[in-house]
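Listed below, chain by chain, are the residues.
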Amino acid sequence: MAVHEKPGVGSMSRNKVYPDARAALADVVADGQTLAVGGFGLCGIPEALIAALRDSGAKDLTAISNNAGVDGFGLGMLLETRQIRKMISSYVGENKEFERQFLAGELELEFNPQGTLAERLRAGGAGIPAFFTATGYGTVVAEGKETREFDGRHYVLETALTADVSLVKAWKADKVGNLVFRKTARNFNPACAMAGRVCIVEVEELVDTGSIDPDQVHLPGIYVDRIVVNANPEKRIEQRTVRKQEGN
């Protein structure tokens, strides 16, 4: 394995490719960190990186993610091992262990409307400290937050989200970290990548630098610090629904 420098956003010259997820996380992840994790349900989640995070034993984590996977898979694995202290999420309805821990007062939760969560991550990556949105005004979402009126409409002040480490999933990367996402698996991944101080990406395919048409790059490599190849992810289906056979 080549010698790797310490992570630093903006470095394009060092070797970003790591042999596996465990090695990519080894000197980065620590107790008490905030992590931004891409994915929507089980679509576009960094499966290998989440499993390696579980195996690292890091605890007291804050996870920023649209949801928490399902019981026993995705971030649900980290809930089972009690490594997550707080979730900053939008939807958590597919995870019974999440529900149990929250209702028992064992898990801290910061709920966000889905668009607000996406914009908070985008703002964090863009260096914007806060923004006003009409979403949530007059509801429990606005409690304790500053509100203002613009042109006769009321808005809530929402702060940006940033993370110590971002764990994201892309379909393809070149060796300097230029990323291509596949269809709906893009979801929260670009925003999570930009919001993290250190970004680790899991990809299915790694190609030589220059092989991706610049017009096809969804996220520039400047945001990516480490790359792990997981060529055959499980891609578990959250809820399989099939049409009934005719005549049944």
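Residue positions within a chain follow its written sequence, with the count starting from 1. It should be noted that, the model being predicted, local features are given only for residues of pLDDT at least 70 and side-chain atom pairs only at 80 or more, the latter also being counted only at that level, while totals for whole chains, interfaces and linings use all residues. Hydrogens are left out, water is left out, and the side-chain values use all remaining heavy atoms of the structure.

Enquirer: How should the overall build of the chain be read in this particular structure?
Expert: By definition, any uninterrupted DSSP run of H or I lasting at least four residues is a helix, any uninterrupted run of E lasting at least two residues is a strand, and each is numbered from the N terminus. Counting its secondary structure elements, the chain contains six helices and twelve strands. Only the C-alpha atoms count toward the radius of gyration. The rule for a globule is 2.2 Å times the residue count to the power 0.38. For 248 residues, the compact-globule formula gives about 18 Å, and the C-alpha radius of gyration of the chain, at 19 Å, lands near that figure. If one aligns the C-alpha atoms of the chain with their principal axes, the spans along those axes are about 55 × 55 × 40 Å. A burial count over the chain gives 48% of its 248 residues as buried. Summary of the burial criterion: residues with accessible area below 20% of their type's maximum are buried, those above 50% are exposed, and those between are partly exposed, where the area comes from a 1.4 Å probe applied to protein chains only.

Enquirer: Please clarify how the packing of aromatic side chains should be interpreted in this entry.
Expert: Remark: the centre distance and the inter-plane angle together describe each pair of aromatic rings, the angle taken between the planes. Aromatic rings from Phe, Tyr and Trp, taking only the six-membered ring of Trp, are treated as a pair when their centres fall within 6.5 Å; an angle between ring planes under 30 degrees marks them as stacked, one over 60 as edge-to-face, and anything in between as tilted. Under the definition given, this model contains two aromatic pairs. Seen in terms of ring centroids, Phe132 and Phe150 are 5.3 Å apart; in terms of plane orientation they differ by 65 degrees. Their pairing is edge-to-face. Here Phe150 lies in strand β7 (residues 147–150) and Phe132 lies in strand β6 (residues 130–133), a separation of 18 residues in the sequence. On the accessibility criterion, Phe150 (31% relative accessible area) is partly exposed. With a centroid separation of 5.5 Å and 75 degrees between ring planes, the pair formed by Phe150 and Tyr155 is classed as edge-to-face. Chaining the aromatic ring pairs together yields one cluster made of Phe132, Phe150 and Tyr155. Between Arg182 and the ring centre of Trp171, over which it is positioned, the NZ or CZ distance is 5.6 Å. In this scheme, Lys NZ or Arg CZ marks a charge over a ring once it lies within 6 Å of the ring centre and within 35 degrees of the ring normal. The residue whose ring lies beneath Arg236 is Phe73, and the NZ or CZ to ring-centre distance is 4.0 Å.

Enquirer: Is there a simple way to think about the sheet that holds β7 in this case?
Expert: By way of backbone hydrogen bonds, the strands of a sheet pair with one another, either parallel or antiparallel. In this scheme, strands are said to pair when DSSP sees at least two bridges between them. Here we have three strands laid out as an open sheet, ordered β6-β8-β7, and antiparallel in their pairing. This sheet does not close on itself; its edge strands, each paired only once, are β6 and β7. In this sheet, adjacent strand axes meet at a mean angle of 35 degrees when their direction is disregarded. Sheet topology places β6 next to strand β8 (residues 153–159); four bridges connect them, and they run antiparallel. The residue of β8 that forms the bridge with Phe131 is Glu158. Together, β6 and β8 form the strand contacts of helix α5 (residues 114–126), whose direction differs from that of β6 by roughly 155 degrees. Structural elements are reduced to axes, namely lines fitted to C-alpha atoms, with helices fitted over the stretch in contact, and the angle between N-to-C directions of any two is expressed from 0 to 180 degrees. When checking whether two residues touch, look at their non-hydrogen atoms; a contact exists if any pair is within 4.5 Å.

Enquirer: Would you take a moment to explain the nonpolar core for this structure?
Expert: Nonpolar side chains tend to gather and get buried jointly when the protein is soluble and globular. The biggest cluster of nonpolar side chains holds 37 residues, and the ones touching the most others in it are Leu25, Leu53, Leu75, Met87, Phe98, Leu167 and Ile200. Counting residues per element, this core draws most heavily on helix α2 (residues 47–56), at five residues. Contacts of Phe98, omitting those with residues within four sequence positions, involve Ala68, Leu79, Met87, Val92, Leu107 and Leu109. In this structure, Ile88, Ala163, Val224 and Ile227 belong to the second largest nonpolar core, which totals 23 residues. The term nonpolar core refers to a set of buried residues drawn from Ala, Val, Leu, Ile, Met, Phe, Trp, Tyr and Cys, joined through side-chain atoms within 4.5 Å.

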